[in-house]
Amino acid sequence: MTDNELIKIADSMREKSYAPYSNFRVGAALLCGDGSVITGCNVENISFGATICAERTAFVKAISEGKSGFIKLAISASGGEIPTPCGICRQFMSEFAYDNFKVICKGDGGGCKAYTLSSLMPHSFKAEGLK
Ligand code: THU
């Protein structure tokens, strides 16, 4: 699966976004180790803190389906700027993906940037920290 194919799926997931409060629509597409793609979108709540981002939606769906070996994630957001995952999502992804996991970010303006997870979240808190 190419980056562009994954981005197209993330693009289409923006239509499923539930974002009546921010009107900022985000779609995500996660390529798993078995070649399957698990999708997500942001789902907002009137109790704003209960909102879940597109990235975490995709990861929660994937983990609950028994997926592993995550390869890359594409996110696509409305708004001209190229988005990057929020801090909570960076920490969340660090739990399940390796340092070289690729995060491809696309804004409405057509711009696109790719990052490794370790560049987005250096020195993340890992399970080993509890031992
Ligand atoms: N959001 C995401 O889905 N992913 C991000 O990486 C950043 C923010 C959502 C959460 C909320 O619904 C809206 O964008 C505005 O913050």
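Please read all numbers here as calculations on a predicted model, not as lab measurements.

(A) The arrangement of the overall build of the chain in detail. Counting secondary structure elements, the chain contains four helices and five strands. Rg of the C-alpha trace for the chain: 14 Å, near the compact-globule value of 14 Å for 131 residues, within the 12% margin. C-alpha extents for the chain along the principal axes are approximately 40 × 35 × 25 Å. Classification of the 131 residues of the chain by burial places 41% in the buried group. Partitioning the intrachain contacts of the chain with sequence separation of at least 6 by distance along the chain shows that 60% fall at a separation of at least 24. Carbon together with sulfur atoms contributes 55% to the accessible area of the chain, which is approximately 7,000 Å² in total. Between the averaged position of the 14 positive side-chain charges in the chain and that of its 13 negative side-chain charges there is a distance of 1 Å.

(B) The arrangement of the environment of M121 in detail. Mapped onto the elements of the fold, M121 is located in the segment after α4 (117–120). Separated by 27 residues in sequence, M121 and S94 place their C-alpha atoms 7.7 Å apart.

(C) Quick peek at the site of the ligand. If you check the shell around the ligand, you find S22, F24, V26, N42, E44, T51, C53, A54, E55, T84, P85 and C86 and nothing else. Between E44 and the ligand, the recorded distance is 2.5 Å, taken from a side-chain N or O atom to an oxygen atom. Contact between the ligand and A54: an oxygen atom at 2.9 Å from a main-chain N or O atom of the residue. When the free accessible area of the ligand is taken as 370 Å², the share hidden by the protein chains comes to 78%. Here the residues of the shell around the ligand are counted per class, giving six nonpolar, four polar and two charged.

(D) Molecular detail of the pattern of salt bridges. One pass over the structure, following the stated rule, counts six salt bridges. Between D11 and K106 there is a salt bridge, and its shortest N-O distance comes to 3.0 Å. You can see D11 sitting in helix α1 (residues 3–13) and its partner K106 sitting in strand β4 (residues 102–106), a full 95 residues away along the chain. Judged by relative accessible area, which is 24%, D11 ranks as partly exposed. In this structure, K126 and D99 form a salt bridge, with 3.6 Å as the shortest nitrogen-oxygen distance. Of this pair, K126 sits in the segment after α4 while D99 sits in the loop between α3 (87–96) and β4, and the two are 27 residues apart along the sequence. Since its relative accessible area comes to 28%, K126 is described here as partly exposed. Under the relative-accessibility criterion, D99 is labelled partly exposed at 45%. Three or more residues are tied together by salt bridges with common partners; here these are D3, K72 and K102.

Reading the values: rules and limits
Residues numbered from 1 in each chain as written. Predicted model: local features only at pLDDT ≥ 70, side-chain atom pairs only at ≥ 80, totals over all residues. Heavy atoms only, no water. Helix = DSSP H or I, 4+ residues; strand = E, 2+ residues; numbered from the N terminus. Rg over C-alpha atoms; globule rule 2.2 N^0.38 Å. Buried < 20%, exposed > 50% of the residue type's maximum accessible area, 1.4 Å probe, protein only. Contact = heavy atoms within 4.5 Å. Areas by Shrake-Rupley, 256 points an atom, 1.4 Å probe, with all protein chains shown as cover. Lys, Arg positive; Asp, Glu negative; His and termini not counted. Charge placed at Lys NZ, Arg CZ, Asp CG, Glu CD. Near = heavy atom within 4 Å. Polar contact = N/O pair within 3.5 Å; in protein donor to acceptor, adjacent residues only side chain to side chain. Nonpolar A, V, L, I, M, F, W, Y, C, P; charged D, E, K, R; others polar. Salt bridge = Lys/Arg side-chain N within 4 Å of Asp/Glu carboxyl O.

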